[in-house]
Amino acid sequence: MAAENRYSRQLLISQLGEAGQEKLARSCVTVVGCGGLGSPVLTYLTLAGVGHIRLVDCDTVSETNLNRQFLYREQDIDQSKSRQAALFLKERNSKIRLEPIEAVLTEENAEQILQGSDVVVDCVDRISVRRLVGHACQKLEISLIEGGIHGFYGYVLPVQPGKSACLECLETNRAKENLPVPALGAVAGLIGSIQAVECMKVLLNLDGVHFGTLLQYDGIYGEFEEIPVKIRPDCSCQK
Ligand SMILES: [Zn+2]
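Residues numbered from 1 in each chain as written. Predicted model: local features only at pLDDT ≥ 70, side-chain atom pairs only at ≥ 80, totals over all residues. Heavy atoms only, no water.

A. Geometry of the overall build of the chain. When helices and strands are tallied, the chain shows eight helices and eight strands. Scaling as 2.2 N^0.38, a compact globule of 239 residues should have a C-alpha radius of gyration of about 18 Å, and the chain matches this with 17 Å. Its C-alpha atoms give the chain principal-axis dimensions of about 55 × 40 × 40 Å. The 239 residues of the chain split such that 54% are buried. For the chain, restricting intrachain contacts to residue pairs at least 6 apart in sequence, the fraction spanning at least 24 positions comes to 66%. Of the accessible surface of the chain, which amounts to about 12300 Å², a share of 49% is contributed by carbon and sulfur atoms. The average position of the 24 basic charges and that of the 30 acidic charges among the side chains of the chain differ by 3 Å. (Helix = DSSP H or I, 4+ residues; strand = E, 2+ residues; numbered from the N terminus. Rg over C-alpha atoms; globule rule 2.2 N^0.38 Å. Buried < 20%, exposed > 50% of the residue type's maximum accessible area, 1.4 Å probe, protein only. Contact = heavy atoms within 4.5 Å. Areas by Shrake-Rupley, 256 points an atom, 1.4 Å probe, with all protein chains shown as cover. Lys, Arg positive; Asp, Glu negative; His and termini not counted. Charge placed at Lys NZ, Arg CZ, Asp CG, Glu CD.)

B. Geometry of the pairing of strand S8 (residues 223-228). Looking at chain direction, strand S7 (residues 213-218) and S8 are connected through six bridges and run antiparallel. Bridge pairing in S8 links Thr213 to Pro228. (Pairing = 2+ DSSP bridges.)

C. Representation of the pattern of salt bridges within the structure. Under the counting rule described, the total for this entry stands at eleven salt bridges. Among the ionic pairs, Arg232 bridges to Asp234, the shortest N-O distance being 3.0 Å. For Asp234, a relative accessible area of 48% gives the class partly exposed. It is possible to trace a salt-bridge network through shared partners that takes in Arg54, Arg97 and Glu99. (Salt bridge = Lys/Arg side-chain N within 4 Å of Asp/Glu carboxyl O.)

D. Quick peek at the nonpolar core. The biggest cluster of nonpolar side chains holds 40 residues, and the ones touching the most others in it are Val29, Val31, Leu45 and Val121. Considering every element that reaches this core, the biggest residue donor is helix H8 (residues 185-203), with nine residues. Setting aside residues up to four positions removed in sequence, Val31 forms contacts with Gly38, Val41, Leu42, Leu45, Ile53, Arg54, Leu55, Val56, Val121 and Cys123. Counting 28 residues, the second-largest nonpolar core is a separate cluster that includes Val124, Leu132, Ile142 and Leu157. (Core = buried A, V, L, I, M, F, W, Y, C linked by side-chain atoms within 4.5 Å.)

E. Representation of the coordination of the zinc ion in the model. Protein coordination at the zinc ion: the donors are Cys166 (SG), Cys169 (SG), Cys235 (SG) and Cys237 (SG), at 2.3 Å from the metal. Geometry at the zinc ion is tetrahedral, judged from the four donor atoms that bind it and their angles of 103 to 120 degrees at the metal. Written as a sequence motif, the donor residues of the zinc ion are C-x2-C-x65-C-x1-C. Its relative accessible area of 10% is what places Cys166 among the buried residues. Residue Cys169 is classed as buried on the basis of its relative accessible area, which comes to 8%. (Donors = N, O, S within 2.8 Å, 3.2 Å for Na, K, Ca; no water. Tetrahedral: all angles 85-135°; square planar, octahedral: opposite > 155°, others 65-115°.)

Here you go:
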């Protein structure tokens, strides 16, 4: 029986165990966007002991974030999100490396910022940034956990570059930027938590990651639906 420690309860999970815990400790995950989805993703990866977490966000905290982004307090308004998030998380797990990156992702720097990650978790609301992240992950061959919300709706799509469909395979016609996105904290919490689970499954090399399958959540009816997404031959991910 392993000594009692912070991870005792998750070490009891047969798919995790000591070996899995070591894998998590050796892993590097980049979370792009420290907002509504980023809050649960970052929190659960931190608590689970992922060894190196990069927090990418160029924004500052605003009052409109506080209905869902539980990483921040009222007194954090106007402070850097990635830095405040790292401070919040450090108090919950001082044993891991939290690296705030206050950068605007661009064509020029995206690959440089994301390289070295075992998994990237996409938690942004801008389609233009989502595309940049997707393209960089394709190029770097890094698994990507996409997630998004819109009011009571949300989705998760795990992407394995070169092997499964990406978000753009799906998004031919509805790729219009329409901000701000309607957002409810509890829905962001649910979708972000699923992203965190899928991310840890990839890190642990478990079989159950549904790469290329869109998991859609309809909170109005309380229903989940799984939709297999076909690779679109003319998609940018195939070039
Ligand atoms: Zn594609």
